Amino acid sequence: MSPFFHILSFFAIATVFFFQTPIVLAQDSVKFALPDTNVISEEGPHIIGDTVVQVGRKAIFRASVSSLSASTSSLMYVWNFSDHPSAFERGIETVHTFDQTGTSTVTLELRTGGGTQKILSKEIFVYDKKIILITDTARSEDVAPLENQAAKEGNFLLVLSAGSSESFFLGEDRLVQLFTEHSSDLLSADMVIFHTPSARGLQAFVRYWQSLPAEEKVRLENLVYATITNREFSQVRFVASPAVSIIQPRLMLLTGVKSLSTLVVAKGYDTVTTTLRTADIPYQVLSTHDPNPWWHVLWRLLTELMARGTPANVIYLLLIIPFIVLLTVFARQVLGMPTFGVYAPVMTSAAFFVIGVKFGLAIFFFVVAVSSLVKYVLNRAHLLYISKVGLNLALLSISLIVPVALLAWFGTTISLSFAIFPMLLMSTVAEKFIAAQSEEGLWNAVIGVVSTLVIVLVCTYGMSLGRVVNFVQSWPEAVLFAFLLTYLFGKFSGLRLDEYLRFRTLFRDQGAEE
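Keep in mind that this is a model prediction, so the values were computed, not measured.

What counts as what
- Position numbers for residues start from 1 in each chain and track the written sequence from start to end.
- Owing to the predicted nature of the model, reporting of local features is limited to residues with pLDDT of at least 70; listing and counting of side-chain atom pairs is limited to 80 or more, with chain, interface and lining totals taken over all residues.
- Excluding hydrogens and water, the side-chain figures rest on all heavy atoms present in the structure.
- Numbered from the N terminus, helices here are DSSP runs of H or I no shorter than four residues, and strands are runs of E no shorter than two.
- Any residue under 20% of the maximum accessible area for its type is buried, any over 50% is exposed, and the rest in between are partly exposed; the area is computed with a 1.4 Å probe on protein chains only.
- The criterion used for residue contact is that any of the two residues' heavy atoms lie within 4.5 Å.
- Each accessible area is a Shrake-Rupley estimate made with a 1.4 Å probe; only the visible protein chains count as cover when residues are assessed.
- The criterion for strand pairing is that DSSP finds at least two bridges linking the strands in question.
- Here an angle of 0 to 180 degrees is reported between the N-to-C directions of two axes, which are lines fitted to C-alpha atoms, with helices fitted over the stretch in contact.
- Here, nonpolar core means buried Ala, Val, Leu, Ile, Met, Phe, Trp, Tyr and Cys residues that are tied together by side-chain atoms lying within 4.5 Å of each other.
- Under the rule applied, a polar contact is a pair of N or O atoms within 3.5 Å (in protein, one hydrogen donor and one hydrogen acceptor; residues adjacent in sequence only if both atoms are side-chain atoms).
- When the near helix sits turned anticlockwise from the far one by under a right angle, the crossing is termed left-handed; a clockwise turn instead gives a right-handed crossing.
- Following the grouping adopted for this structure description, the nonpolar residues are Ala, Val, Leu, Ile, Met, Phe, Trp, Tyr, Cys and Pro, the charged ones are Asp, Glu, Lys and Arg, and the polar ones are all others, Gly among them.
- What counts as a salt bridge is simple: a side-chain nitrogen of Lys or Arg found within 4 Å of a carboxyl oxygen of Asp or Glu.
- Reported orientations rely on four angle classes, namely roughly parallel under 35 degrees, roughly antiparallel over 145, roughly perpendicular from 65 to 115, and oblique for the rest.

S.K.: Quick question: what am I supposed to make of the overall build of the protein chain here?
M.R.: From N to C terminus, the protein chain includes 22 helices and 13 strands. Taking all 514 residues of the protein chain together, the buried fraction comes to 47%. Considering only intrachain contacts with a sequence separation of at least 6, the fraction spanning at least 24 residues in the protein chain is 74%. Accessible area for the protein chain stands at about 25100 Å²; split by element, carbon and sulfur atoms hold 60% of it.

S.K.: Please clarify how the pairing of strand β5 (residues 93-97) should be interpreted in this entry.
M.R.: Consecutive residues of a regular strand have side chains that alternate between opposite faces of the sheet. Along β5, the buried face is formed by Thr94 and His96; none of Glu93, Val95 and Thr97, which line the opposite face, is buried. Relative to β5, strand β2 (residues 58-62) runs antiparallel, the two being bridged by five bridges. When the bridges of β5 are listed, Arg62 appears paired with Glu93.

S.K.: Which parts of the structure should I look at to understand the sheet that holds strand β10 (residues 191-195)?
M.R.: Strands sit in the order β9-β8-β10-β11-β12-β13 across an open sheet of six strands; the sheet is mixed. What marks the edges here is a single partner per strand, and that holds for β9 (155-161) and β13 (283-286). Strand-to-strand, the axes of this sheet are offset by a mean angle of 20°, without reference to chain direction.

S.K.: Just checking my understanding: could you explain the nonpolar core for this structure?
M.R.: For soluble globular proteins, the rule of thumb is that nonpolar side chains tend to be buried together. In this structure, Phe179, Phe205, Tyr208, Leu220, Tyr225, Leu317 and Phe364 are the most contacted members of the largest nonpolar core, which totals 92 residues. Ranked by the residues each element gives to this core, the list is headed by helix α13 (residues 357-379), at eleven residues. Ignoring any residue separated from it by four or fewer positions in sequence, one finds Phe364 in contact with Thr348, Phe352, Met426, Val429, Val449 and Leu453. Membership of the second largest hydrophobic core comes to 21 residues, among which are Leu157, Val159, Ile228 and Val264.

S.K.: What exactly am I supposed to notice about the side chain of Ser349 here?
M.R.: Structurally, Ser349 can be placed in helix α12 (residues 343-355). Polar contacts involving the side chain of Ser349 include one to the main-chain carbonyl oxygen of Pro345, which spans 2.7 Å. Every residue in contact with Ser349, bar those within four places of it in the chain, is listed here: Ile324, Ile455, Val456, Cys459, Thr460 and Met463.

S.K.: Explain the packing of helix α10 (residues 297-307) against helix α11 (residues 312-335) to me, please; I cannot follow it from the model alone.
M.R.: When two helices pack together, their arrangement is given by the angle between their axes and by how far apart the axes lie. With their axes 10 Å apart at the nearest point, α10 and α11 run at an angle of 145° to one another. Seen along the crossing, α10 lies across α11 with a hand that is right-handed. On the side of α10, the interface is formed by Leu298, Leu302, Leu305 and Met306, while α11 contributes Ala312, Ile315 and Leu319. The residue makeup of the contact of α10 with α11, split by class, is seven nonpolar, no polar and no charged.

S.K.: I tried to follow the pattern of salt bridges on my own but got confused; where do I start?
M.R.: When charged atoms on two side chains of opposite charge get close, those side chains can pair. A full pass over the atoms with the stated rule returns six salt bridges. The closest approach of N and O atoms between Asp185 and Lys130, which form a salt bridge, is 3.5 Å. Here Asp185, found in helix α4 (residues 183-187), pairs with Lys130, found in strand β8 (residues 129-135); they are 55 residues apart in sequence, far enough to count as distant. Looking at Lys130, the relative accessible area reads 6%, which means it is buried. For the salt bridge of Arg207 with Asp173, the shortest nitrogen-to-oxygen distance reads 3.0 Å. Of this pair, Arg207 sits in helix α5 (residues 200-210) while Asp173 sits in helix α3 (residues 168-181); the two residues are 34 residues apart in sequence, bridging distant segments of the chain.

S.K.: Even after reading the chapter, I still don't get the packing of α3 against α5, so can you show me in this structure?
M.R.: Remark: α3 packs on α5, axes separated minimally by 8 Å, with the N-to-C direction vectors making an angle of 50°. As the angle between them shows, α3 and α5 are arranged oblique. Handedness of the crossing formed by α3 with α5: right-handed. In this structure, α3 contributes Phe168, Gly171, Glu172, Asp173, Leu175, Val176, Phe179 and Thr180 to the contact, and α5 contributes Arg200, Gly201, Gln203, Ala204, Phe205, Arg207 and Tyr208.

S.K.: Before we go on, may I ask you to explain unusual backbone geometry in this structure?
M.R.: Glycine aside, a negative phi is what most residues show, and trans is what most peptide bonds show. The backbone phi angle of Gln248 is positive, close to 55°, even though this residue is not glycine. Structurally, Gln248 can be placed in the loop between α7 (233-247) and β12 (251-255). With a phi angle near 55°, Asp280 is a residue other than glycine that sits in the positive phi range.

S.K.: Quick question: what am I supposed to make of the sheet that holds strand β3 (residues 76-81) here?
M.R.: Two pairing modes exist for strands in a sheet, parallel and antiparallel, and in both the strands are linked by backbone hydrogen bonds. An order of β1-β7-β6-β3-β4 is seen for the five strands of this open sheet, with the pairing classed as mixed. Looking along the sheet, the strands with just one partner apiece sit at the ends: β1 (52-54) and β4 (84-90). If you compare each strand with its neighbour and ignore which way they point, the axes differ by 30° on average.

S.K.: When you look at the environment of Pro242 in this model, what are you seeing that I'm missing?
M.R.: Among the secondary structure elements, Pro242 is positioned in helix α7. Taking the C-alpha atoms as reference points, Pro242 and Val206, 36 residues apart in sequence, are found 9.2 Å from one another. Excluding anything up to four places from it in sequence, Pro242 contacts Trp299, Thr303 and Met306.

S.K.: What is the right way to read the environment of Gly171 from this model?
M.R.: On the secondary structure map, Gly171 appears in helix α3. Residues Gly171 and Arg200, spaced 29 residues apart in sequence, show a C-alpha to C-alpha distance of 8.2 Å.

Here is the structure:
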């Protein structure tokens with residue numbers, strides 16, 4: 001069997017493997033209380049109402065879905081609350097105001113004229129302050145202690161997590177969607193804590209805030225905010241400053257992970273900084289004052305773009321492209337890696353960054369496999385090269401219906417409006433692959449595919465690192481150094497690393513003769 005069929009089989013198996021593996025870019029793992037509004041068919045008392053309420057606020061409880069074997073019209077509904085055990089209220093619906101924090105119990109008793117009765121109790125948590133923790137991942141073993149600690153102090157900790165996102169780029173969009181879905185919780189909160197890689201959570205919050213009406217913006221401006229980081233404050237401060245200047249909150253803190261247990265028990269604006277200072281926990285108060293020097297022109301321009309609604313992830317993608325170009329040029333000029341030019345690795349890296357590594361690999365293998373199959377068939381037609389490449393790309397674009405159908409079949413949450421263009425962008429690899437096969441043979445074409453894929457994976461991993469994100473967003477002027485280094489590599493005229501390795505025996509023999 002020819003090597004072509006071995007290579008094609010490998011790419012086909014790899015494609016199937018990646019599509020069989022669950023691809024989840026955004027998974028909502030929000031933990032919060034909802035009114036119990038399900039229609040219940042079981043006989044007996046059923047209490048519909050919130051399980052978490054604020055002290056001093058009226059809470060409504062209904063027994064409209066409760067039933068007994070007797071006629072519903074003859075039922076009596078008797079309510080009792082543990083904070084006022086001697087008081088009883090009657091009716092299919094009741095309104096109660098809790099006057100103390102902690103766990104309270106509401107009891108519903110159903111009575112009939114014939115003496116039948118059934119009783120149901122439901123626990124209600126009454127809180128003083130609502131604190132929202134926004135994170136990318138929320139493991140129960142990490143969150144549960146914080147929730148218990150907050151509850152002991154009469155606070156309600158609500159964790160909003162977008163789940164672990166395969167795509168760093170789409171993670172910000174998923175957070176914006178999450179904020180929109182839980183807008184009522186955010187508007188009723190007293191403090192919002194951001195605990196996400198870099199300042200992605202805060203930047204997503206800015207986009208959500210900009211979409212709100214004026215009165216709701218004012219409500220959020222009066223909250224206390226805290227950004228949790230395990231990195232240097234000075235670097236994260238530059239990234240968070242645009243968000244502070246746009247929202248202009250009452251208080252924005254920048255502090256470390258150790259402060260979480262202190263923040264969840266805070267009672268208000270005045271006690272937060274005092275408590276952190278007493279516990280000797282380092283923090284900084286971020287203000288609307290511009291922290292950057294006057295020559296930080298590009299940073300100011302990008303801040304203005306964010307203020308006008310440009311997503312931070314889009315700005316970051318544009319800023320990181322020169323660094324991907326630099327790394328690709330270094331790999332080709334200095335290391336001698338036989339990638340498919342510069343454009344294909346750079347654009348494929350951007351595509352991987354947008355749609356995620358796992359899905360990107362699946363599409364990459366799919367593109368190469370389909371291109372190989374189409375080229376094998378078209379070679380028998382003896383077409384001119386331009387027509388052959390054109391037909392290959394046209395058939396490849398149609399074949400992308402297959403992964404789109406697989407996405408729908410496996411029920412993934414990838415947005416095709418985002419994914420389709422990166423998928424088409426990776427078709428440039430197909431043209432390079434065909435050209436390499438025609439000029440250098442199948443084996444060299446496969447080497448080019450592997451080399452390109454290595455560069456793409458390295459670039460995608462580097463683009464997603466929190467330190468890289470913070471650095472590029474804090475000092476966007478660093479792209480000038482990327483331009484300069486790329487220019488200097490263009491002046492490089494020495495031997496590449498692969499050439500040293502290839503001719504090392506010759507160099508050793510020449511040295512021995514001298």
